[in-house]
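# Tertiary structure, described
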Amino acid sequence: ALGLSPVIAGGAWVVDTVLVVAAVTLAGALTARTRARPLVVSAAQWGALVVALAVVHAPAQAVWGLLPGPEAWARGAQLFAEGAEAVRREAAPVQGSPGMRLLASAGAGVLAVVVQSFAVAARRPGLAGLPLLAVHAVAVTFAPEGLGVGWFLLALAGFLLLVVVCSGPRSWGVVVAPRGGTGGGRGPQVAAVSVLAAVLLALALPAVTDLRGRPGWSTGSGGSGPGGSTFINPLLDLRQDLGARGDAVVLTYATDLARPQPLRIVTVDSFTGDVWEPGRVENALEVGDGSDMPPAAGTAEGTPVTRHTTTITIAGLRQQWLPLPYPAASVTVEDADADDWLVDPDSLNVIAADDRRTDEGQRYEVQHLQVSPEDAQLAAAQPAPADLVERFGRAPDDLPPVVAETARQVVAEATTPYEQALALQDFFRASGGFRYTLDAPSAESSSALADFVVDKEGYCVHFASTMAVMARTLGIPARVAVGFLPGTRTEDGWSVTASDAHAWPELYFEGAGWTRFEPTPGIRSGVAPDWTVEDVAAAPSGVPTDSSGAPAAPVTPVPREDRATGEAAAGGSGEGESAARPVLAWSAAGLVAAGAVLLVPR
């Protein structure tokens, strides 16, 4: 299963897998020592597998933190669906989200039971090689740059060890011992010769390239992939800690704006309780050749609007969506046909047709609007249309009461939706006592939002998500945008790195349309939008400014040496889940090695 490392990013899934497989194996060994029938041994292993998965993946929902009750099964079903969705949507290496970690550890646990049944109960270690080979084949097929020889040798060594330990006179289903032989046989020799022949044959076969005919992409939340590529995951999982991101440049841009606005990749509006994801795109229009984009929803005549031009050059970003200022009026992608890129008229998200991604050196020019609504206009905004409220103004049915109750308390003195939005933003940025951190809130309940409201610690995804949901409980249409902060000023323009990835809420006000708010504390996000603060002349303390008065590179509260990168928007894990993950992985590996040494006398 370690051969899946190039396919699943991060190390947390390895720890989960070791723990689950250890529980399954221990249950089988202890039951077998009672001389129980093979079916009883297998039943004990299946039971141990279910309990181990509950302990590892749903401790908050399990009965006494151990037994899989109804809530634990529901949590498992949710994680399984998330993992399946990640497999369906993303290219390898898929991020080690909770759903992927469940799939990996559960699959390894099932494999452990099957291998034990073949190799021990049925005394057919050769047949056990078939499911093991299936796992190895997955890694070979989907690893972005193929599977290195080291992973192959590791899998080979494990399989040959299995054959050596479990071989008998009838290994591989045929008699391999000489007549009159006394056990042991030549199963290991046959296996070694067979594997050597397979390796030599493989050297003569033509190389297999990526199924897409191009290098693979990273699919992590700002995680780095082959060649330093980066992908921002649009699935925002509130249960995930924020992993390391790296300071690799993902894009550069030049603009005529003195204070650039964030670059939006995609908006997510479908919320299941712990995960945000993009809504369904309907009636997409061809765009990319400079033709006019659909008008931004809700913007009325008389709203202060200025037109600007931004030219963006892709560096290490491999993304299905084009990062754009919002709202874009037209997009001209160099060397692209009109049907290469499509726009969703409802959100103005621009998405690639077919299976395209942004590529290094790709350049495109964006004509866009700077919408600057005035306080009086927002305060006097008419109610949003009924269809918008129906789609974007409803909170989940199972939302814990503490979220809506807290929202009502925060806005108790506000008289208009605009004042309510300002109160919510101030609550998260200043008055509510919230603290920016790279860790997800502790899983004290079944709702990450409720845990965040109580613990008051999280990163941008938690701030943006909670404000958006609270706004919905108040009847204000809201969604979450995923993209990049403006980045760092350079001699030639602006530079954006993976650590600039960010999430923020957009609330709808009739006449101004979808309006950006910034609940994440200023130490991370810099200055809030002009229409949400009284005085924007000075940046918050600790946020450097350039000569134009615009915030320079955002500052995170973690030390530079630990920041290998700040924050990324997808709540999804990255390559370093947290500082404790490698320690756990090596500790688990050490325990397994020590156990192997203790078994040598036997």
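Just so it is clear, the structure is predicted and the values come from calculations on it, not from any experiment. (Residues numbered from 1 in each chain as written. Predicted model: local features only at pLDDT ≥ 70, side-chain atom pairs only at ≥ 80, totals over all residues. Heavy atoms only, no water.)

Broken down by element type, the chain carries 15 helices and 21 strands. For the chain, the residues scored as buried account for 50% of the 602 residues in total. Sequence-distant contacts in the chain: of pairs separated by 6 or more residues, those separated by 24 or more amount to 72%. For the chain, the exposed area adds up to about 27,200 Å²; of that, 60% sits on carbon and sulfur atoms. (Helix = DSSP H or I, 4+ residues; strand = E, 2+ residues; numbered from the N terminus. Buried < 20%, exposed > 50% of the residue type's maximum accessible area, 1.4 Å probe, protein only. Contact = heavy atoms within 4.5 Å. Areas by Shrake-Rupley, 256 points an atom, 1.4 Å probe, with all protein chains shown as cover.)

A few words now on the packing of helix H1 (residues 12-32) against helix H4 (residues 98-121). Packing of H1 against H4 brings their axes to within 8 Å, and their N-to-C directions diverge by 30°. The angle between H1 and H4 falls in the class roughly parallel. Crossing of H1 over H4 shows right-handed handedness. Facing H1, whose interface residues are Ala12, Trp13, Asp16, Thr17, Val20, Val21 and Val24, H4 presents Arg101, Ala104, Ser105, Ala108, Gly109, Ala112 and Val113. (Axes fitted to C-alpha atoms, helices over the stretch in contact; angles between N-to-C directions. Parallel < 35°, antiparallel > 145°, perpendicular 65-115°, else oblique. Left-handed = near helix turned anticlockwise from the far one by under 90°.)

Our next topic: the sheet that holds strand S6 (residues 270-271). Strand order in this open sheet of three strands is S3-S7-S6, and the pairing throughout is antiparallel. Of all strands in the sheet, those bounded by a partner on one side alone are strand S3 (236-237) and S6. Judged from the two bridges that link them, S3 and strand S7 (residues 275-277) form a sheet pairing that is antiparallel. Bridging from a neighbouring strand, Asp237 pairs with Val275 of S7. (Pairing = 2+ DSSP bridges.)

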